[in-house]
Amino acid sequence: MKWYTYIICFIVIIAGVFSGNYAYKRATAKSYVHGSIDITNEFELKAFEYASSEVTFYEDIYNNNSYKFETDLKKVTNFNGVDKYYTITLNEYVLKNSVIIAGSTFSIFNIEFYSIENVLECSAELKITIKFLSNKTTMELYTADSIQASYLERYFKDNSIRLKIIENL
Amino acid sequence: MRKVFDITILIVTLIALVAIGVAIYFKYFNKNIIIGINYVDNQIAVDVKSADDLTEAEKNELEERWFMNANYFENSKENGIELQELRFDYFMDYNLTQNAYRSTGMQHIGELGRTEIEKIGSASEANEHVDSNFYYYDTTNGITWSGDKLTTRLNRNQLFIIKIDNKPYAIQLIGTYKWITYSYLWWDFAKLVPIKNVNILYYTYLDVFYDVFKAIKSNDYGFGTDLYITLDLSEYFTIREYDLEKGVFKTDDVSDIIKNYAVMKFTYQENGARQSSQSMFNSIEINPKWDIEEKEPVEYWQERVIYNLNYEDLSFRFSDTLGGYFASISLSNKNMFESIPRAKINIVLDLDAVLDNKEMNVIGLDYNGFENFKIYKFEIKSERELEFTLLDKALNNTNIQEFIVSDGITINDAEVHS
């Protein structure tokens, strides 16, 4: 062989080594999934549950001097207020006498706050409305004035909020 | 001898040609896409504290720790300030223990614009770069945050160790953006000899931050709490698996064809932020008492939750001897309230309503009917003239503060009046 043939062969062999390495990786590579979460299910819940370490009330511009907190939550797939019975709890408290209709619930949470002298400082009423819509769930917390809102914010900051709707089986 | 060598060379060359051909096939003709998906979630330390040792707020905080968490108050209702927060939950070493747990986050007041991101073309400068227009926070327990503008270095030198399927992986921001421009020498008026220039910019956490919030704003779910999206981070991060046998992180030698995805948990609200408690760091502008309005701090000693019970919460027993029904607290309610602390219970027993709706003539409270059941106020009402009997220990150890009866009702019991 001529001298330049060796050079060509040498270049081809070097290129072949890199190409072979690339081809081997591609031929043996496999798709993989680490973890087990199904992201599609993360947009739906089977039962309603809301938890947060705080609640901030906003002045309701359409309802003078009242305060509310509203948020959109994930869709709940199998809520049925017609055929099923539910218990609603806020933290460790059962919300008795809640009004539950086909796709919505309404509850009232009454709470009193006492000073260190055991004097009643504030009596607050929190109205809770949860609506189960086809694409999402909406939750609204409503209270009548800024004083009640401040005490409720303090209470939820100290105790967090855990609102659950549990089906009675 | 020479001939054997030449033949060997030719055979090896032929094999090399075949390898080149196969590589060309995979490169240009094989359309199979090979993708790895890393759901980087649940960054909880393997020896995290017992649930019994945590408060409810701490349990909520530790329930899920995703590698990336974002919090966005868009303030489209103009009732607060626009606030963007991004947090990374990770470990400081591969043991994935609580001691190595850490979260580091960055906070921006207002919306970060593309023009605010400093373009950095020097690797050394980029590696150390921390933007001073952000507030930075970090925590070693996931509960209490410390923050200062520059104490926590969220830059390209930062190596995160994350948990995927209970195994440690290292993730680091190393991405660059390259583009090519052409220039010409001064004498090349005709622009005949272009000179190729490779320009390079080094991504910083501001680029990641900008892309995260662009993705949140464009998510098709809209506003919501605790939502999730997947982000293609392969442009920014490299990810390497830890080799347990050798004690080193493997080289990420497949990042050109395997993209790394991570699931990000986020909250997106149209409200504005009004107080520091809304921040994922419990602080705004490094101020844990930040509030949009000056408010008197609200403090109290104890709270009591009010329950107003009526006849539907009671049980009734018919007495043949006395010819009427006797009321008592239902067992289910008694059991339920035993587990509820600080409940303040008021009971209204409307005798006329029971008669009208249940056709029961209630004439008293049953033996031990409310014994040991703490009641604040008990009201018995009726518009009729009648006698009402409290049987033995009906209200024993109830600590009633107010006992109210309608004018026409006569109570037959020494215990109540004493």
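Note that the structure is predicted; figures quoted are calculated from it, not measured.

Asker: Describe the overall build of chain B, and please don't skip the residues or the numbers.
Answerer: Each helix and strand in chain B was counted, giving 7 helices and 23 strands. Dimensions of chain B, computed from the C-alpha atoms along their principal axes, are close to 125 × 60 × 40 Å. Sequence-distant contacts, at least 24 apart, represent 69% of the contacts inside chain B between residues at least 6 apart. When the accessible surface of chain B is summed, it comes to about 21800 Å², and 49% of that surface belongs to carbon and sulfur atoms. Taken as two groups, the 41 positive and 65 negative side-chain charges of chain B have centres that lie 10 Å from each other.

Asker: Quick one: what's the story with the pattern of salt bridges, residue by residue and with numbers?
Answerer: All names here are of chain B. Applying the stated criterion across every chain, the model contains 20 salt bridges over all chains. Lys-214 is the partner of Asp-211 in a salt bridge, and the nearest nitrogen-oxygen pair spans 3.9 Å. Here Lys-214 and Asp-211 lie together in helix α4 (residues 205-217), a separation of 3 residues that amounts to about one turn. A relative accessible area of 22% means that Asp-211 is categorised as partly exposed. When the shortest N-O distance is used, the salt bridge between Asp-366 and Arg-317 registers 2.7 Å. A residue pair is termed long-range when its members are at least 10 positions apart, and Asp-366 in the loop between β19 (362-365) and β20 (377-381) and Arg-317 in strand β16 (residues 314-319) qualify at 49 residues. On the basis of relative accessible area, Asp-366 is assigned to the buried category, the value being 8%.

Asker: An account of the sheet that holds strand β3 (residues 49-52) of chain A is requested, with residue identities and associated values reported.
Answerer: Two orientations exist for strands paired in a sheet by backbone hydrogen bonds: parallel and antiparallel. All names here are of chain A. A sheet is described by the order of its strands in space; here 4 strands give the open sequence β3-β13-β7-β8, paired in antiparallel fashion. In this open sheet, the two strands that pair with only one neighbour each are β3 and β8 (93-94). Bridging between strand β7 (residues 86-90) and strand β13 (residues 161-167) involves 5 bridges; their strand directions are antiparallel. Bridging across to β13, Ile-88 finds its partner in Ile-165.

Asker: Before we move on, can you summarise the sheet that holds strand β21 (residues 386-390) of chain B with the specific residues and values?
Answerer: All names here are of chain B. Strand order in the open sheet formed by 5 strands is β16-β17-β19-β21-β23, with mixed pairing between adjacent strands. The sheet is open, and its two edges are formed by β16 and β23 (409-412), each paired on a single side. Here the average twist between neighbouring strands, direction ignored, is 30°. As judged from the 2 bridges shared by β19 and β21, these two strands associate in the parallel manner. The residue bridging Leu-365 from the neighbouring strand is Leu-390, located in β21.

Asker: Tell me about empty space enclosed by the protein, and please be specific about residues and values.
Answerer: Residues and elements named next belong to chain B. Using the criterion set out here, one finds 2 cavities of 30 Å³ or more in the structure. If you trace the second largest cavity, you find it lined by His-129, Val-130, Asp-131, Tyr-136, Leu-154, Asn-155, Thr-204, Tyr-205 and Leu-206. Taken together, the residues that form the lining of the second largest cavity break down as 5 nonpolar, 3 polar and 1 charged.

Asker: Quick rundown of the interface of chain B and chain A? Include the residues and the values.
Answerer: Across the boundary between the two partners, chain B contributes 76 residues, which contact 66 residues of chain A. A per-residue breakdown of the area chain B buries against chain A is headed by Tyr221(B), Val298(B) and Tyr300(B), which together make up 10% of the total. Taken together, the connections running from chain B to chain A amount to 3 salt bridges. Between Lys344(B) and Glu112(A) there is a salt bridge; the shortest N-O distance is 2.7 Å. Among the elements that line the side of chain B that touches chain A, the one with the most residues is helix α1 (residues 2-29) of chain B, at 15 residues. For the side of chain B that touches chain A, the residue count by class is 40 nonpolar, 18 polar and 18 charged. One ladder, built from 3 bridges, connects strand β1 (residues 32-34) of chain A with strand β1 (residues 36-38) of chain B; its direction is parallel. Within β1(B), the position partnered with Val33(A) by the bridge is Ile37(B).

Asker: So, the packing of aromatic side chains: which residues are in play, and what are the values?
Answerer: Evaluated as defined, the whole model comprises 40 aromatic pairs over all chains. Judged by centre distance (5.7 Å) and plane angle (80°), the ring pair of Trp3(A) and Tyr4(A) falls under edge-to-face. Between Tyr151(A) and Tyr300(B), the ring centres sit 6.4 Å apart and the planes meet at 40°, which makes this aromatic pair tilted. Here Tyr300(B) lies in the loop between β14 (261-269) and β15 (302-309) and Tyr151(A) lies in helix α2 (residues 146-159), a pairing that spans two chains.

Asker: Kindly report on the nonpolar core, identifying the contributing residues and their values.
Answerer: Soluble, globular proteins show a tendency: their nonpolar side chains are buried together. Core analysis: the biggest nonpolar cluster contains 69 residues, and Leu349(B) and Phe388(B) have the highest contact counts within it. In terms of residue count, the dominant contributor to this core is strand β11 (residues 120-132) of chain A (6 residues). Excluding anything up to four places from it in sequence, Phe388(B) contacts Leu349(B), Leu351(B), Val362(B), Ile363(B), Gly364(B), Leu365(B), Ile380(B), Ile409(B), Thr410(B), Ile411(B) and Asn412(B).

Asker: Would you mind going over α2(A) in detail, with residue names and values included?
Answerer: Residue and element names in this part refer to chain A. Compared with an ideal rise of 1.5 Å per residue, which puts 14 residues at 20 Å, α2 spans 20 Å between its outermost C-alpha atoms and is within 8% of the ideal. Every buried residue belonging to α2 is among Gln-148, Ala-149, Ser-150, Tyr-151, Leu-152, Glu-153, Tyr-155 and Phe-156, and all of these are buried. Sitting at the amino-terminal end of α2 is Asp-145, which places a side-chain oxygen 3.0 Å from the backbone nitrogen of Ile-147. Immediately downstream of α2, the backbone of Ser-160 shows phi near 60°, a positive value.

Asker: Go over the environment of Arg65(B) with me, naming the residues and quoting the values.
Answerer: The residue Arg65(B) is located in the loop between α2 (56-63) and β2 (68-73) in this model. For the pair Arg65(B) and Ser103(B), spaced 38 residues apart in the sequence, the C-alpha separation amounts to 9.4 Å.

Cut-off values and rules
- Residues numbered from 1 in each chain as written.
- Chains lettered and ligands numbered in written order.
- Predicted model: local features only at pLDDT ≥ 70, side-chain atom pairs only at ≥ 80, totals over all residues.
- Heavy atoms only, no water.
- Helix = DSSP H or I, 4+ residues; strand = E, 2+ residues; numbered from the N terminus.
- Contact = heavy atoms within 4.5 Å.
- Areas by Shrake-Rupley, 256 points an atom, 1.4 Å probe, with all protein chains shown as cover.
- Lys, Arg positive; Asp, Glu negative; His and termini not counted.
- Charge placed at Lys NZ, Arg CZ, Asp CG, Glu CD.
- Salt bridge = Lys/Arg side-chain N within 4 Å of Asp/Glu carboxyl O.
- Buried < 20%, exposed > 50% of the residue type's maximum accessible area, 1.4 Å probe, protein only.
- Pairing = 2+ DSSP bridges.
- Axes fitted to C-alpha atoms, helices over the stretch in contact; angles between N-to-C directions.
- 1 Å grid on protein atoms, 1.4 Å probe; cavity = no way out; pocket = protein on both sides within 12 Å on 5 of 7 lines; lining within 4 Å.
- Points joined across faces, edges and corners; volume = space filled by probe spheres on them.
- Nonpolar A, V, L, I, M, F, W, Y, C, P; charged D, E, K, R; others polar.
- Buried area = accessible area lost by both parts, 1.4 Å probe.
- Phe/Tyr/Trp six-rings, centres within 6.5 Å; stacked < 30°, edge-to-face > 60°.
- Core = buried A, V, L, I, M, F, W, Y, C linked by side-chain atoms within 4.5 Å.
- Expected span 1.5 Å × (residues − 1).
- Polar contact = N/O pair within 3.5 Å; in protein donor to acceptor, adjacent residues only side chain to side chain.

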